[in-house]
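Observations on chain architecture
Letter by letter, the chains look like this.
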Amino acid sequence: MKREEIELLAPAGSYEGFEAALGAGADAVYVGGAAFGARAYAKNFSEEELLRAIDTAHIHGKKLYLTVNTLLKNRELTDQLYDYLLPYYREGLDAVIVQDMGVFAAVRKMFPGLPLHASTQMTVTGPEGMKFLEEQGASRVVTARELSLEEIRRMHRTSPIEIEAFIHGALCYSYSGQCLMSSVLGGRSGNRGKCAQPCRLPYEVLLPDKKDVPRKTKNKGDLCPLSLKDISTIEILPEILEAGVSSLKIEGRMKQPGYTAGVTKVYRKYLDLLFEKGPDSYKVEERDRQYLLDLFNRGGSCTGYYQMQNGPDMMAFTNEKKTGNVTCSPVQKKEKIRGSLILYPGSAAILDVSCGDVHGTAALGEVQYAQNQPLTRERVGIQMEKLGNTPYEWESLEIQMDDSVFVPMKLLNQLRRQALAAMEEEILQKYRRQEPVSASLAPSSAKKSVRKKLPIYVSCEDIETALALYKREGIRGMYLPFSAMKQCLKAGTDRGLEMYLALPHIIRGELPEGYLQQAREWLGQGMTGFLVRNLEAFAILQKAGLAEKCVLDHSMYTWNNEAVAFWEEQKVLKDTIPLELNEGEIRHRNNSHSEMLVYGYLPLMMSAQCVRKNVYRCDHSEGKAELKDRYDKKFTAACFCDPWKMENTGDKTPCYNIIYNSIPYGLLREREQVRKLGPAALRLSFTIEDQNEAVRILDEFVNVYQNEADPPQREYTKGHFKRGAE
């Protein structure tokens, strides 16, 4: 790649942080405004500050991106988003970073020509998902942090759009966008920019089947098994660029301006050295490596997932935040300007200033003959040099003047300000946009079709539970992994059940050999379709011509009707009502083609890390571990060592953990409220229950929802059904 194609992208949580980033050498800065950003607790920018930042970035030939990377509720999207973005669009905002496909579709309609960057919150994990987003109009994808260099390389070969990847800063334990832990446990949703970071807290790790002593524990209560080290990739910049990354992203909108300046300065230095001397001569000095650690670290740093799938070497196992005795004072970036000042008696005072090839000229008043003490060239120069807090400094100033002239200092000040303003207007004019023609969005409410007897579907993760459930009365269909489908398809279809193949929660790499071929054979034998949990899975199936057979799981977020409409345009069969909406918010959503989860242990985290491996050891078995918190609640971490459940992938496919809530979610007593919301169907999700427990729970829900029985007393959490997410 050429130097001009590579962007160093720095964070700013405040205007001071923005100036620090530019002063340290950032090519672009990403910021949050007053709403819809994934760092709600950062200082963020007022409208006035953001408009000023857009202009300042453009004066310096840099770019500014705005985060709109949260999930939006219906009324926020229809009543607030347009008015929020309009001033920034007109000012020349360079791009918005988006998570929500409803927001993506709405911005594409409302603000033509505004570049859309797919946030890391979209959990883009492969080339097909990236290609899909390209086709929808994305100009850039921010990859999931968990991807290897080889995976990014494959994405770069598949699609020409830009790839942005994190090179420095904090790592989330969960795949970004797939974490409900803060939301479910405390009501502060990471998908709304309000994560309370429960992953940084201590937990005791237990193995239900073993009594091993955790290798990292010093004493009870001090282990933070979900707390990762920060990422620092200064050593492998050449490899990251070679893989096809064009935007190098520093994390840290919650950090102070000094941190932003220090980190950006170091990466600017080595990026310039890399282009100057080439990768063969690239070497990082120890003092710079240590400087980055001293700015901030949690028990050291790591190079992230680029060269390692997971493991204890990436873990901090503590939330101790360390800094050394270093400081970095932010500096304000200044652009060199040239000027020509003409002062001759009887004529206007004229100042022409230029920055690059852009000029601004002002002419004011009338220069007078000096009656007493004439102005000297030196005095005029001193006055004109007062550029103050502007983003400029003189490279040269030519003064043409008569020996006996007089001009009030106030006039010279006005002249300077007007000439600079004229030059700025000329610089910024090419970025300005006209207000767009208004575009219609999906209506914010929909007529509810209330059915007394809603069909019930079940999903499960293992063969034993599937074999126990398919014989039970009252279910319409089943969502099963490959191994269970292999065992149950014929028996299920013989009973008239709709049978859906559940794809992995996270898809990395190519489909296993024979997977799609077998799925097509099963479709011919009566299988109904697929349960899709991620963008990569949908894109693969769409490419195979199977989009119309896809049911979207709750992890494919459809918080608003614009998102519902987007996926309907993709011809999907159904979606699943999001888990973070409350009853009132669901009521304002179009649920006519949606399933609603009414039972299940809610997945709090989807992680490329493995609790068992990191704290004990990896035995390549799909076992479980338990995390016990300070309140003695136990959360099950289930290992998915063979995500495809085909028994032919070995260790080639990256594994993942799912951490489930300590108490199951259940709307057993909310039958009438659920019916009034108008969903197309209900679903029970079985994950860590044994088969006998699953059968009992299914029978209870069937009796309540279909046979009008009184609900038994059970300990269920209502999740967000009552309270909602902030």
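In case you missed it, the structure is sitting above this.
What this report covers is the structure whose coordinates are included nearby.

Some words on the layout of surface pockets
The calculated volume of the largest pocket comes to roughly 890 Å³. Taken together, 44 residues line the largest pocket, and the ones lying closest to its centre are Arg39, Cys172, Cys195, Gln197 and Glu251. By residue number, the principal contributor to the lining of the largest pocket is helix α8 (residues 181-186), which donates three residues. Residues that form the lining of the largest pocket fall into these classes: 19 nonpolar, 15 polar and ten charged.

Side note on the pairing of strand β3 (residues 63-68)
If a strand is regular, its side chains alternate between the two faces of the sheet. With five of six residues buried, β3 lies mostly within the body of the structure. Where strand β2 (residues 28-32) lies against β3, five bridges are found, and the strand directions are parallel. In the strand pairing of β3, Val29 is matched with Leu64. Both β3 and strand β4 (residues 95-98) contribute to a ladder of four bridges, which runs parallel. Across the sheet, residue Thr67 finds its bridge partner in β4, namely Ile97.

Quick look at unusual backbone geometry
Residue Lys571 is not a glycine yet carries a positive backbone phi of 75 degrees. Relative to the helices and strands, Lys571 is located in the loop between α18 (561-569) and β23 (575-576).

Section: the packing of helix α6 (residues 127-136) against helix α17 (residues 535-543)
At a closest axis distance of 7 Å, the pairing of α6 and α17 adopts a crossing angle of 75 degrees. Here α17 runs roughly perpendicular to α6, going by the angle between their axes. Contacts between α6 and α17 pair Pro127, Glu128, Gly129, Phe132, Leu133 and Glu135 from the former with Leu535, Glu536, Phe538, Ala539, Ile540, Gln542 and Lys543 from the latter. Split by residue class, the contact of α6 with α17 holds seven nonpolar, two polar and four charged.

Considering the packing of aromatic side chains
Throughout the structure, instances matching the rule amount to 25 aromatic pairs. On the basis of an interplanar angle of 15 degrees and a centroid distance of 5.2 Å, the ring pair of Tyr82 and Phe111 is categorised as stacked. With a gap of 29 residues between them, Tyr82 in helix α4 (residues 81-91) and Phe111 in the loop between α5 (101-110) and β5 (116-118) connect regions that are remote in the sequence. There is no split in this pair, since Tyr82 and Phe111 are both buried. Among the aromatic side chains, those forming a connected cluster through ring pairs are Tyr599, Phe686, Phe701, Tyr705 and Tyr716. Sitting over the face of the ring of Phe166, Arg145 holds its NZ or CZ atom 3.9 Å from the ring centroid. The residue whose ring lies beneath Lys574 is Tyr457, and the NZ or CZ to ring-centre distance is 3.9 Å.

About the criteria used
Once a new chain begins, its residue numbering starts again from 1 and follows that chain's sequence as written. Only residues with pLDDT of at least 70 get local features here, since the model is predicted, and only at 80 or more are side-chain atom pairs given and counted; chain-wide, interface and lining totals rely on the full set of residues. As a rule here, side-chain values come from all non-hydrogen atoms in the structure, and water together with hydrogens is ignored. Site definitions follow a grid-based scheme: protein atoms alone, a 1 Å grid, a 1.4 Å probe that fits but cannot get out for cavities, and for pockets an open set with protein on both sides within 12 Å along at least five of seven lines, plus lining residues having an atom within 4 Å of a point. Grid points are joined across faces, edges and corners, and a volume is the space filled by probe spheres set on the points. Runs of E in the DSSP output that reach at least two residues are strands. Runs of H or I that reach at least four are helices, and both are numbered from the N terminus. Amino acids are sorted into nonpolar (Ala, Val, Leu, Ile, Met, Phe, Trp, Tyr, Cys and Pro), charged (Asp, Glu, Lys and Arg) and polar (every other residue, Gly among them). Throughout this description, buried means an accessible area under 20% of the type-specific maximum (1.4 Å probe, protein chains only), exposed means over 50%, and partly exposed covers the range between. For two strands to pair, DSSP has to find at least two bridges joining them. Axes here mean lines fitted to C-alpha atoms, for a helix over just the part in contact, with angles spanning 0 to 180 degrees between N-to-C directions. Here roughly perpendicular refers to angles of 65 to 115 degrees, roughly parallel to angles under 35, roughly antiparallel to angles over 145, and oblique to all remaining angles. Any two residues whose heavy atoms approach within 4.5 Å are treated as being in contact. Any Phe, Tyr or Trp ring, taking Trp's six-membered ring, that has another such ring centre within 6.5 Å forms a pair; planes under 30 degrees apart are called stacked, those over 60 apart edge-to-face, and the others tilted. Look at NZ for Lys and CZ for Arg. If either is within 6 Å of the ring centre and within 35 degrees of the ring normal, a charge sits over the ring.

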